[in-house]
Amino acid sequence: MQATQIPARGKTSEALLQNIPLFAGLTEAQREQIARMAVRRKVQRNTTIVHVGASTDSLFVIVQGSAKVLNRDEEGREVILTLLGAGECFGEMGLIDGSPRSADVVATENCELLVIAKSDFTHALAENFDLCLNIMKSLVLRLREANRKIESLALMDVYGRVAKLLLDFSEKEGAVRCIRRKVTKQDIAKMVGASREMVSRVMKDLETSGYIRVEPGRIVLNEA
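Residues numbered from 1 in each chain as written. Predicted model: local features only at pLDDT ≥ 70, side-chain atom pairs only at ≥ 80, totals over all residues. Heavy atoms only, no water.

K.L.:
I tried to follow the overall build of the chain on my own but got confused; where do I start?
P.N.:
Regarding its fold elements, the chain presents 8 helices and 12 strands. Against the globule reference of 17 Å for 224 residues, the chain gives a C-alpha radius of gyration of 18 Å, in line with a compact fold. Expressed as a percentage of its 224 residues, the buried residues of the chain come to 42%. In the chain, once contacts between residues fewer than 6 apart in sequence are set aside, the share between residues at least 24 apart is 70%. Surface accessibility of the chain: about 12,100 Å² in total, with carbon and sulfur atoms responsible for 53%. Side chains of the chain give 32 positive and 29 negative charges; the mean places of these two sets differ by 4 Å. (Helix = DSSP H or I, 4+ residues; strand = E, 2+ residues; numbered from the N terminus. Rg over C-alpha atoms; globule rule 2.2 N^0.38 Å. Buried < 20%, exposed > 50% of the residue type's maximum accessible area, 1.4 Å probe, protein only. Contact = heavy atoms within 4.5 Å. Areas by Shrake-Rupley, 256 points an atom, 1.4 Å probe, with all protein chains shown as cover. Lys, Arg positive; Asp, Glu negative; His and termini not counted. Charge placed at Lys NZ, Arg CZ, Asp CG, Glu CD.)

See the structure below:
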């Protein structure tokens, strides 16, 4: 769930692929082949990039920005399945099993994407064993994250679910762990299955108890 900072301006598609985990281990020639397939696309904040139920025709890689993967019930209430940042991809599952999109993906910031058509990506998979391995690793990671989320929803109270989510979002920075990705209390509420008011109370209690410290542009997790 960690995001990777990828400066996009002035870089070729091949240069961008070097910093994306999905394409790690590929040779320069292999990356160039995939880069020739990729189309760069910019979308504005709050744009729905893919719609649940739509046919799966492309793989998307986030170069800059962030997005949320979500489902809605019949009354329009959202459940956020995960948040995606720079360096992460979506749409790979449908390319493998041919199923329609299983969720909406909405840009939470202005985004730059690399879009690779299904036929091109399938051809690349057939020729690149390392790419196949990386896809499998990506799917395994998604499955493990789903299992952890199911476990936390079943076994933890709201306090524990919020604390675990903050820990999952944090990255090591020197001697501390920090959260720099933009995530609102409303987003957290939709991910842990609680109200925004409850999440606000939990966050306030975590801060008062000294477990977290809210600073401009980041949340610092204090060591117990």
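The rest of the description comes next.
K.L.:
Can you help me understand the packing of helix α6 (residues 158–169) against helix α7 (residues 185–192) in this one?
P.N.:
α7 packs onto α6 with a crossing angle of 115 degrees between their chain directions and a minimal axis gap of 10 Å. Between α6 and α7, the angle is such that the two are roughly perpendicular. The two elements α6 and α7 meet at a crossing, and its hand is right-handed. Mapping the contact onto sequence places R161, V162, L165, L166 and F169 in α6 and I188, M191 and V192 in α7. For the contact of α6 with α7, the residue count by class is 7 nonpolar, no polar and 1 charged. (Axes fitted to C-alpha atoms, helices over the stretch in contact; angles between N-to-C directions. Parallel < 35°, antiparallel > 145°, perpendicular 65-115°, else oblique. Left-handed = near helix turned anticlockwise from the far one by under 90°. Nonpolar A, V, L, I, M, F, W, Y, C, P; charged D, E, K, R; others polar.)

K.L.:
Whenever I open this one, the pairing of strand β3 (residues 58–64) confuses me. Can you help?
P.N.:
Side chains on a regular strand alternate between the two faces of the sheet. Counting buried residues in β3 gives 6 out of 7 residues, a clear majority hidden from the surface. Summarising the sheet, β3 and strand β6 (residues 89–90) pair through 2 bridges and their orientation is antiparallel. Counterpart to F60 in the pairing with β6 is F90. (Pairing = 2+ DSSP bridges.)

K.L.:
Quick question: what am I supposed to make of the sheet that holds strand β9 (residues 171–173) here?
P.N.:
Backbone hydrogen bonds hold the strands of a sheet together, and the pairing may be parallel or antiparallel. A sheet is described by the order of its strands in space; here 4 strands give the open sequence β9-β10-β12-β11, paired in antiparallel fashion. Each edge of the open sheet carries a strand with a single partner, namely β9 and β11 (212–215). Each neighbouring strand pair of the sheet contributes to a mean axis angle of 35 degrees, computed without reference to strand direction. The pairing of β9 with strand β10 (residues 176–179) spans 3 bridges and is classified as antiparallel. Residue E171 lies in a different strand from β10, and its bridge partner there is C178.

K.L.:
So what exactly am I meant to see when it comes to the packing of helix α2 (residues 28–37) against helix α4 (residues 118–127) here?
P.N.:
Angle between the axes and distance between the axes are the two parameters that describe a pair of packed helices. Direction vectors running N to C along α2 and α4 enclose 170 degrees, while the axes themselves pass 10 Å from each other. When the interaxial angle is binned, α2 and α4 end up roughly antiparallel. Within the contact between the two elements, α2 uses Q33, I34 and M37 and α4 uses D120, F121, H123, A124 and E127. When the residues that make up the contact of α2 with α4 are grouped by side-chain class, the tally is 4 nonpolar, 2 polar and 2 charged.

These figures come from the coordinates and say nothing about function on their own.
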